Amino acid sequence: MLRKLRTLISVWYAYFLEYRAEVLLWALAAVLPLVLMGVWTKAAEGGDFSLSAPEFARYFLCVFLVRQLTIIWVIWEFQEDVVQGRLSFKLLKPIDPSLDYLAQHLGERLTRLPFGLLIVGVFLLIYPQARFVPEAEGLLLGLAASVAAFLLRFLMQYTFALLCFWTERGAAVEELWFVAYLFLSGLIAPLSVFPEAVRSLALLTPFPYLVYFPASLIAGLPVSGGVVQGFAVLGVWFVVFWVLNRWLWRKGLKQFSAMGA
């Protein structure tokens, strides 16, 4: 399976290299954290927050990097494959379609990463206040958390994508889910600025561990709930969605009907 995955990744990497300009635009489209950095650092200069202005700058710079590593779009790809009948041909291959979708994301990530680092380099030239050198332990833990967040985010969205076996608009569920992700993941604001009650509730959901947790580790900032709890919650939610995913896959295949099926 690993050999097949490696081959698929190389194929998708070659594919995305043909669309480098488009990948660059995708990377530029994810600059919201850099915009919010300016808002929060300005607010920190005149307000009383748990983070200082330089810490806000470090945090949102790391949020941008984590987002570059964890952006997922599999639900729209799967939805189109079901509606247009392309999934039928994927089912004829001797690999699970999820492996092909995963390889597609990994190939795109390899193409996107240099552009993301280039954007960071340009930004640091313009905004030197955000410069910092991450500690080795925090960097390694943050990268491990980013990989775990990517896998969980992929599994979550792929699970919602399986609803396309019953409806042509499975992506509508993801769009609703994204609202909660937007506010509770730490993308708009770090969890440390939330009220205690909201923060405690959010830490029970998977959202903070998809952005806030890895970004805080890389930035060297305190993590609400602790490092062990963060990885443990990521693992628990992964198991929950894996079980749900396999159940929906088996049920969906029994009633799948499309062009070529």
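Relevant structure appears above.
The following refers to the structure shown. (Residues numbered from 1 in each chain as written. Predicted model: local features only at pLDDT ≥ 70, side-chain atom pairs only at ≥ 80, totals over all residues. Heavy atoms only, no water.)

### Comments concerning the packing of helix H2 (residues 20-28) against helix H7 (residues 97-126)
Stated precisely, the cut-off is as follows: Note on geometry: axes are lines fitted to C-alpha atoms, helical ones only across the stretch in contact, with angles between N-to-C directions running from 0 to 180 degrees. A run of H or I in DSSP becomes a helix once it reaches four residues, and a run of E becomes a strand once it reaches two; helices and strands are each numbered from the N terminus. In what follows, roughly perpendicular refers to angles from 65 to 115 degrees, roughly parallel to angles under 35, roughly antiparallel to angles over 145, and oblique to any angle outside these ranges. Here a crossing is taken to be left-handed if its near helix is turned anticlockwise relative to the far helix by less than a right angle, and right-handed if that turn runs clockwise. We call two residues in contact when some of their heavy atoms are within 4.5 Å. Charged means Asp, Glu, Lys or Arg here, nonpolar means Ala, Val, Leu, Ile, Met, Phe, Trp, Tyr, Cys or Pro, and polar covers whatever is left, Gly included.
The N-to-C vectors of H2 and H7 enclose an angle of 60°; their axes lie 9 Å apart at closest approach. Here H2 is positioned oblique relative to H7, judged by the angle of their axes. As H2 runs across H7, the sense of the crossing is right-handed. Where H2 abuts H7, its residues Arg20, Val23, Leu24, Trp26, Ala27 and Leu28 lie against Glu108, Thr111, Arg112, Phe115 and Ile119. Broken down by class, the residue content of the contact of H2 with H7 amounts to seven nonpolar, one polar and three charged.

### Some remarks on the packing of aromatic side chains
Selection rule: Centre distance within 6.5 Å is the pairing criterion for rings of Phe, Tyr and Trp, where only the six-membered ring of Trp is used; planes under 30 degrees apart are then read as stacked, over 60 as edge-to-face, and the remainder as tilted. Relative accessibility thresholds used throughout: buried, under 20% of the residue-type maximum; exposed, over 50%; partly exposed, between the two (1.4 Å probe, protein chains only). Any Lys NZ or Arg CZ that is within 6 Å of a ring centre and within 35 degrees of that ring's normal is treated as a charge sitting over the ring.
This model, assessed by the stated rule, comprises 27 aromatic pairs. A ring pair is formed by Trp26 and Trp73, whose centres lie 6.2 Å apart and whose planes are at 45°; its orientation type is tilted. Separated by 47 residues along the polypeptide, Trp26 in helix H2 and Trp73 in the loop between helix H4 (53-70) and helix H5 (74-84) bring together distant segments of the chain. On the basis of relative accessible area, Trp26 is assigned to the partly exposed category, the value being 32%. Residues Tyr101 and Tyr158 carry aromatic rings whose centres are separated by 6.0 Å and whose planes lie at 50° to one another, so their mutual orientation is tilted. Placement of the pair is Tyr101 in helix H7 and Tyr158 in helix H8 (residues 136-161), with a sequence separation of 57 residues. You can call Tyr158 buried: its relative accessible area is 2%. One aromatic cluster is present, formed by Phe78, Tyr101, Phe150, Phe154, Tyr158, Phe165, Trp166 and Trp249 through successive ring pairs. In this structure, Arg153 is placed above the aromatic ring of Tyr181, and the distance from its NZ or CZ to the ring centre is 4.6 Å.

### Observations concerning the environment of Phe123
One can find Phe123 in helix H7. The spatial distance from the C-alpha of Phe123 to the C-alpha of Leu61 is 9.2 Å, given a sequence separation of 62 residues. In this structure, Phe123 is in contact with Leu34, Met37, Leu61 and Ala130, ignoring residues within four places of it in sequence.

### Overview of the packing of helix H3 (residues 32-46) against H4
It is the contact of H3 with H4, at a shortest axis distance of 8 Å, that shows an interaxial angle of 165°. Here H3 lies roughly antiparallel to H4, going by the angle between them. The crossing of H3 and H4 is right-handed. Touching Pro33, Leu34, Leu36, Met37, Trp40, Thr41, Ala44 and Glu45 of H3 are Ala53, Phe56, Ala57, Phe60, Leu61, Val63 and Phe64, all from H4.

### Quick word on the pattern of salt bridges
Formally: Salt bridges are identified by distance alone: a Lys or Arg side-chain nitrogen within 4 Å of an Asp or Glu carboxyl oxygen.
Considering all chains together, one arrives at seven salt bridges under this definition. The salt bridge involving Asp81 is made with Arg86; its shortest N-O contact spans 2.7 Å. Arg112 is paired through a salt bridge with Glu108; the nearest N and O atoms lie 2.9 Å apart. With Arg112 and Glu108 both in helix H7 and four residues apart, this pair spans about one turn of that helix. By the burial criterion, Arg112 is buried, and Glu108 matches it. One connected set of salt bridges, linked through shared partners, spans Glu108, Arg109 and Arg112.

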